[in-house]
Amino acid sequence: MDKVAILGVPMDLGAGRRGVDMGPSALRYARLNETIKNLGYAVHDLGDVEVPVVETLKINGGDPGGLHHLEPIRAACEELARRLGELPEDALPVVLGGDHSISMGSVSGVARGRRTGLIWIDAHADFNTPETSPSGNIHGMPLAALMGLGDERLVNLGGAGPKLRPEDVVLVGVRSVDPGERRLLKEAGVTVYTMKEVDRMGIPTIAANVVAQLERLDRVHVYFDADVLDPSVAPGVGTPVPGGLTYREAHLLMELFADAGIVTSLDLVEVNPILDERNRTAEITVELAASLLGKKIL
């Protein structure tokens with residue numbers, strides 16, 4: 001693929017903290033477009049999906065089940081999925097968040113009803129359902145919904161039923177999991193490399209295992225949440241968890257996936273400039289995206 005299509009989703013409706021809706025602007029300000037162009041891609045910035053401001057909404061969006069802002073989140077994700085589904089096949093989509101509930105729209109949109117692999121790089125599993133969620137915030141539920149678990153309005157977003165098979169999903173860098181998520185992940189049989197595995201096995205082995213598991217698929221989506229990085233590296237995130245990936249571990253992971261040539265789409269989410277230091281987290285996220293898209297040292 002020699003074309004990259006950039007689409008922003010300035011949404012903070014799925015989370016409990018404000019500011020992440022400015023993530024797309026922060027990433028663009030960190031020269032995302034120019035950085036990708038310098039790698040030889042033709043870059044087309046498609047602007048942003050329209051998302052309502054939280055102050056205009058009721059706390060639960062009128063949902064009797066208590067899922068906060070469900071309808072506006074669902075509407076924004078449906079629009080994201082529609083716009084991604086209309087892109088030409090030779091374009092590599094890069095979606096800018098926003099909170100990570102946008103992944104329900106991005107994965108649905110790039111999959112287009114076809115079998116798709118997912119590399120979920122995140123401190124959190126986001127595998128809650130309304131029954132297991134401690135908060136009712138939808139940003140903790142997208143991966144479960146993509147696999148057919150939870151509220152049917154989220155499960156059927158972008159098309160009826162699950163969008164992913166358990167054997168086609170790999171989580172990397174996880175270190176904060178709710179009790180209900182732990183049970184659901186084990187029942188689903190999803191491959192998870194926690195930070196314990198990162199420490200024990202190392203990034204090269206994990207990357208090789210992920211590639212071996214997913215390389216047979218025509219489409220592999222990478223979801224990158226900035227909070228997978230240690231807060232000392234990336235302070236501008238809403239839910240920081242100590243003990244994350246180092247700068248070099250994250251770059252090596254991206255470089256090895258780039259070498260494998262399996263990635264066909266990308267999410268960059270959870271950059272919160274309000275909590276950041278001089279746009280540092282956005283700049284690092286752009287650097288990591290460049291590594292994933294083929295930037296080399298030599």
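All figures in this text were calculated on a predicted structure; none of them were measured in a lab.

Chemist: Just checking my understanding: could you explain the packing of aromatic side chains for this structure?
Modeler: In this description, a pair of aromatic rings is defined by centroid distance and the angle of the planes. Taken as a whole and judged by the stated rule, the model has one aromatic pair. Arranged with centres 3.6 Å apart and planes meeting at 10°, the rings of W120 and Y223 form a pair that is stacked. Of this pair, W120 sits in strand β4 (residues 117-121) while Y223 sits in strand β7 (residues 220-225), and the two are 103 residues apart along the sequence. Under the relative-accessibility criterion, Y223 is labelled buried at 0%.

Chemist: In this structure, what is going on with the pattern of salt bridges? I would like to understand it.
Modeler: Close approach of charged atoms allows side chains with opposite charge to pair. Within the structure shown, the criterion is met by 19 salt bridges. The closest approach of N and O atoms between E89 and R114, which form a salt bridge, is 3.1 Å. With a gap of 25 residues between them, E89 in the loop between α3 (70-85) and β3 (91-97) and R114 in the loop between α4 (103-111) and β4 connect regions that are remote in the sequence. Judged by relative accessible area, E89 falls into the partly exposed class, the value being 49%. Two residues, K296 and D259, come together in a salt bridge whose shortest N-O distance is 3.3 Å. Placement of the pair is K296 in the segment after α11 (280-292) and D259 in helix α10 (residues 247-260), with a sequence separation of 37 residues. Note on K296: relative accessible area 57%, which makes it exposed. Overlapping salt bridges, with partners in common, bring together R115, R165, E167, D168 and R216 in one network.

Criteria and cut-off values
- Residues numbered from 1 in each chain as written.
- Predicted model: local features only at pLDDT ≥ 70, side-chain atom pairs only at ≥ 80, totals over all residues.
- Heavy atoms only, no water.
- Phe/Tyr/Trp six-rings, centres within 6.5 Å; stacked < 30°, edge-to-face > 60°.
- Helix = DSSP H or I, 4+ residues; strand = E, 2+ residues; numbered from the N terminus.
- Buried < 20%, exposed > 50% of the residue type's maximum accessible area, 1.4 Å probe, protein only.
- Salt bridge = Lys/Arg side-chain N within 4 Å of Asp/Glu carboxyl O.

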